[in-house]
Amino acid sequence: MKPMPNQTAHGRHGERGAALVTALLIAMLMLAAGGALIATAGMTAANAVDATAEAQAYYAADAGIQAALNVIRRNKRATDNSTDADFHNIACAGAGACTNTGNNMSLWLPYDAALGQVKLSDAPLITYAVRVQDPSKAADAALAATYQPRYLKVRSVGRGPKGSTKVLEMMVDRLKFEYDAPASLVLRESEAGGTAHLAIDPGSGGPTYSGQDKNSAVLKGAVGVGNTTYNSTTDYSIALGAMSSIPPAEQPGGVIKMGNGVGEQPWPAVVADADSARDFVAEVNSEAQTAEAQGHGYHGGCPPNNFPLNGLIFINADCSLGPNNSGKGFMVVTGNLTLSGSYNFEGLVFVLGGGNITRSGGGGSNNGQIYGGILAAKFGANGGFQAVNFNSNGGGGSIVQYDSVAIENALSQFGPRALGVLEK
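Residues numbered from 1 in each chain as written. Predicted model: local features only at pLDDT ≥ 70, side-chain atom pairs only at ≥ 80, totals over all residues. Heavy atoms only, no water.

1. Quick word on the side chain of Asp 86
Relative to the assigned elements, Asp 86 resides in the loop between helix H2 (18–72) and helix H3 (87–92). Buried and unpaired, Asp 86 has no salt bridge, with Arg 74 as the nearest side chain of opposite charge at 5.7 Å. When near neighbours in sequence (up to four residues on either side) are disregarded, Asp 86 contacts Arg 74 and Gln 148. (Helix = DSSP H or I, 4+ residues; strand = E, 2+ residues; numbered from the N terminus. Buried < 20%, exposed > 50% of the residue type's maximum accessible area, 1.4 Å probe, protein only. Lys, Arg positive; Asp, Glu negative; His and termini not counted. Salt bridge = Lys/Arg side-chain N within 4 Å of Asp/Glu carboxyl O. Contact = heavy atoms within 4.5 Å.)

Shown next as structure tokens:
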């Protein structure tokens, strides 16, 4: 029997208003979800603004790093047009002595006088400030006027809108290329075998070859030559016999063996093999063109006899140099090189390609002085090393002496290298 309508209504009397309650509950849930969505959207917008400000601060700090590196690579002149951007002057803000408290590089970077920072943008205000120190010295250490730091630490603080700040630090090495000289005079041995041996005439009348560092107690070899046996003899035996005409006191460090065996010094990386030597010559060819364009080098054929050679020097020819060519730096000659006995040089002389060296002329107590080192290797466009000829029979009272300071200054002619950047 079916219930009557009025009976059904009376049976659900307690359910009246349930739909309203359900609707209210659903509305409240939707309101909460909507509120959360609005709050999330607001937070996202705020975060986006903050992220933009932080990104602007980061790129400002990066701009400071790049600007400092541009100066360190000598691509920008100082505002006084006279202060060279070497590592000492950058650390000290000038050529004099200073305390290692840090320099802001304002001699090279366009600081805003009112802000004390470099301004990149007005609206919004975006700036950076740079400080440079020698990381190998304490903050209160004295840096002498003659001191050149090996490394610089560059700290760049970038500032953006909404108080955002980012800090980047970069370490820069003054030496892009390294050369650990085993001796004051290094003559690369031939790889041709047979009778291809070094020809050496060290000279007479007092020429000195010294491995004694001019600036410290370090003792290197006086002459470094190969020790591989060809035709029952070695370059070492030949050089030892030739150098016997010079009193031992005039060749501190003596003749040392070069090679890969026991008791032998390894060849410098630049002449470890002929391909490495060819690659190095190609690199110097390019670097010297840039150095000449920046005013601190020479690139071309043999220069005139009244042209002093300083900086990074690349001579792509046989060349004879006299006293008026004297200078300092890093010199690479691809042909054969003749030096008068009165030619003076501080730094490194690499004769790579022609590989033959002749020293002629009078020399004397104040002439014919090469402080740093000489390296000679003979090779062509392909193939291995060939025998070097070194003739100093006309060198007079000249000297070739190991000098660590002159070598480091020579290596610095290649410009610096950035070792890495760290976000603080």
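2. Observations regarding the state of the cysteines
Applying the stated rule across the entire model yields two disulfides. Across the disulfide from Cys 92 sits Cys 98; the S-S distance is 1.9 Å. Judged by the torsion about the S-S bond (-60 degrees), the Cys 92/Cys 98 disulfide is left-handed. The exposure classification of Cys 92 matches that of Cys 98, with both residues buried. Covalent S-S linkage joins Cys 302 and Cys 319, the inter-sulfur distance amounting to 2.0 Å. (Disulfide = S-S within 2.5 Å.)

3. Some points on the nonpolar core
Among soluble globular proteins, nonpolar side chains are generally buried collectively. Among the nonpolar cores identified, the biggest contains 35 residues, and Leu 187, Tyr 209 and Met 331 are the most heavily contacted of them. Per-element tally for this core: the top contributor is helix H4 (residues 235–243), with four residues. Once residues lying within four places of it in the same chain are set aside, the contact partners of Met 331 are Leu 309, Ile 313, Ile 315, Leu 321, Tyr 343, Phe 345, Leu 348, Val 349 and Phe 350. If you look at the next biggest cluster of nonpolar residues, it comprises 34 residues, including Val 271, Ala 291, Leu 352 and Phe 414. (Core = buried A, V, L, I, M, F, W, Y, C linked by side-chain atoms within 4.5 Å.)

4. Observations concerning the pattern of salt bridges
Tallied over the entire structure, the rule returns 13 salt bridges. Close ionic contact of Asp 122 with Lys 119 constitutes a salt bridge, the shortest N to O distance being 2.8 Å. By relative accessible area, which is 60% here, Asp 122 ends up exposed. Assessed through its relative accessible area of 35%, Lys 119 is described here as partly exposed. Close ionic contact of Arg 155 with Glu 169 constitutes a salt bridge, the shortest N to O distance being 2.8 Å. Here Glu 169 lies in strand E6 (residues 165–173) and Arg 155 lies in strand E5 (residues 151–159), a separation of 14 residues in the sequence.

Treat this as a map of the structure, not an account of what it does.
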